[in-house]
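So you can see what is in the structure, the chains are spelled out below.
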Amino acid sequence: VTIGRLVNADAQALVSVIGHAELATHPDADGFFHLEDVPAGDVELFLVMNGTHAQRKQVTVNGGEVLQLGSLEGGAAAFLTVEYEGPEFLHLYEVSIELTGTPLPVARTQEGLRWVVPAGCYLVHGEARGLRPVEASLCVVEGEDKFVELHPLPPDGTDGNEGCVVGDCDFGATCQSNGQCAL
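Quick notes on the rules
- Residues numbered from 1 in each chain as written.
- Predicted model: local features only at pLDDT ≥ 70, side-chain atom pairs only at ≥ 80, totals over all residues.
- Heavy atoms only, no water.
- Pairing = 2+ DSSP bridges.
- Helix = DSSP H or I, 4+ residues; strand = E, 2+ residues; numbered from the N terminus.
- Disulfide = S-S within 2.5 Å.
- Buried < 20%, exposed > 50% of the residue type's maximum accessible area, 1.4 Å probe, protein only.
- Lys, Arg positive; Asp, Glu negative; His and termini not counted.
- Salt bridge = Lys/Arg side-chain N within 4 Å of Asp/Glu carboxyl O.
- Contact = heavy atoms within 4.5 Å.
- pLDDT = per-residue confidence, 0-100.
- Axes fitted to C-alpha atoms, helices over the stretch in contact; angles between N-to-C directions.
- Core = buried A, V, L, I, M, F, W, Y, C linked by side-chain atoms within 4.5 Å.
- Phe/Tyr/Trp six-rings, centres within 6.5 Å; stacked < 30°, edge-to-face > 60°.

Got a sec to walk through the sheet that holds strand β2 (residues 14–17)? Specific residues and values, please.
Read from one edge of the open sheet, five strands run β3-β2-β5-β6-β8, paired in antiparallel fashion. Only two strands of the sheet have a single neighbouring strand rather than two, namely β3 (20–25) and β8 (75–76). The pairing of strand β5 (residues 41–48) with strand β6 (residues 53–61) spans eight bridges and is antiparallel. The residue bridging D42 from the neighbouring strand is T60, located in β6.

Quick rundown of the state of the cysteines? Include the residues and the values.
For the coordinates displayed, the defined rule picks out three disulfides. C169 shares a disulfide with C181; S-S distance 2.1 Å. Negative torsions about the S-S bond denote left-handed disulfides, and the value of about -85° found for C169 with C181 makes this one left-handed. Here C169, found in strand β16 (residues 168–169), pairs with C181, found in strand β18 (residues 181–182); they are twelve residues apart in sequence, far enough to count as distant.

I'd like a description of the side chain of E162, backed by residues and values.
Following the sequence through the fold, E162 ends up in the loop between β15 (145–150) and β16. Lacking a salt bridge, the buried E162 has R132 as its closest oppositely charged neighbour, with an N-O distance of 7.3 Å. In this view, E162 contacts G130, P155, G157 and G179; residues no more than four positions away in its chain are not counted.

If you had to explain the confidence of the model for the protein chain to someone new, which residues and values would you point to?
Considering every residue of the protein chain, the mean pLDDT works out to 96; 100% of them sit at 70 or more. Averaged over each element, pLDDT in the protein chain is lowest for β3 (94) and highest for β18 (98).

I'd love a proper account of the sheet that holds strand β1 (residues 2–6), names of residues and values included.
Read from one edge to the other, the open sheet built from three strands follows the order β4-β1-β7, with strand pairing classed as mixed. Among the strands making up the open sheet, the edge pair consists of β4 (32–35) and β7 (67–72). Taking each pair of neighbouring strands and ignoring which way they run, the sheet shows an average axis angle of 15°.

How would you summarise the nonpolar core if you had to cite specific residues and measurements?
Ranked by size, the top nonpolar core spans 33 residues in total, and within it L80, V82, Y84, I97, L99, W115 and V117 carry the most contacts. Where this core is concerned, the elements lending two or more residues are β5, β9 (78–84), β11 (96–99), β12 (114–117), β13 (120–127), β14 (134–140) and β15. Considering each element in turn, this core owes the most residues, five residues, to β9. Setting aside residues up to four positions removed in sequence, V82 forms contacts with I97, E111, G112, L113, W115, V124, V148 and L150.

Account for the environment of I3, naming residues and giving values.
Looking at the secondary structure, you find I3 in strand β1. When the C-alpha positions of I3 and G70 are compared, they lie 7.5 Å apart, and in sequence the two are 67 residues distant. The residues touching I3, leaving out its near neighbours within four places in the chain, are F33, H34, V66, L67, Q68, L69 and G70.

Mind laying out the packing of aromatic side chains, listing which residues take part and the relevant values?
Counted according to the given criterion, the structure contains two aromatic pairs. Note on F46 and Y122: the rings are 6.4 Å apart at their centroids and 85° apart in plane angle, and the pair reads as edge-to-face. Of this pair, F46 sits in strand β5 while Y122 is found in strand β13, placing the two residues 76 residues apart along the sequence. By the burial criterion, F46 is buried, and Y122 matches it. The interplanar angle of 70° and the centroid separation of 6.4 Å between the aromatic rings of F89 and F171 together place this pair among those described as edge-to-face. Of this pair, F89 sits in the loop between β9 and β10 (90–91) while F171 sits in the loop between β16 and β17 (174–175), and the two are 82 residues apart along the sequence. Classification of F89 by relative accessible area gives partly exposed; the value is 21%.

Here is the structure:
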């Protein structure tokens, strides 16, 4: 069990273990939290205190012991906006964008979400029906506001990269045999 308190926690407050998004909790009104079933060994905590403060914290968890972290203030949060930009004229279906290994909500739209994150490096994963998944590695520093666009490979008509063959084209474009839309 891992126990601590986030200073100045608000409704956005969140505690999780990086790589174990299922191990997430929201602190109570006073910022106190406890995490159950944290794996023994060295782990990294993902801490969002509020809309302006966050922290990643390395801790060592000993099996069967209670790890008391005390009060955690965090540094300036970073802000990350990720959008999914599909091939020209292709209508996108079933878009999802996620920050891999974190408990942050998955965006179900190509416009993405603006996430409050601790400074550090992340892997962003995006996918849409009929296009190959795309990933990007990125790092943010305290206080940074970063915008990232994910660009999948153009469709080629092969399995998993069918493009408009399993969807539609926009703006009066027509679907070509390779899955690309053309005017």
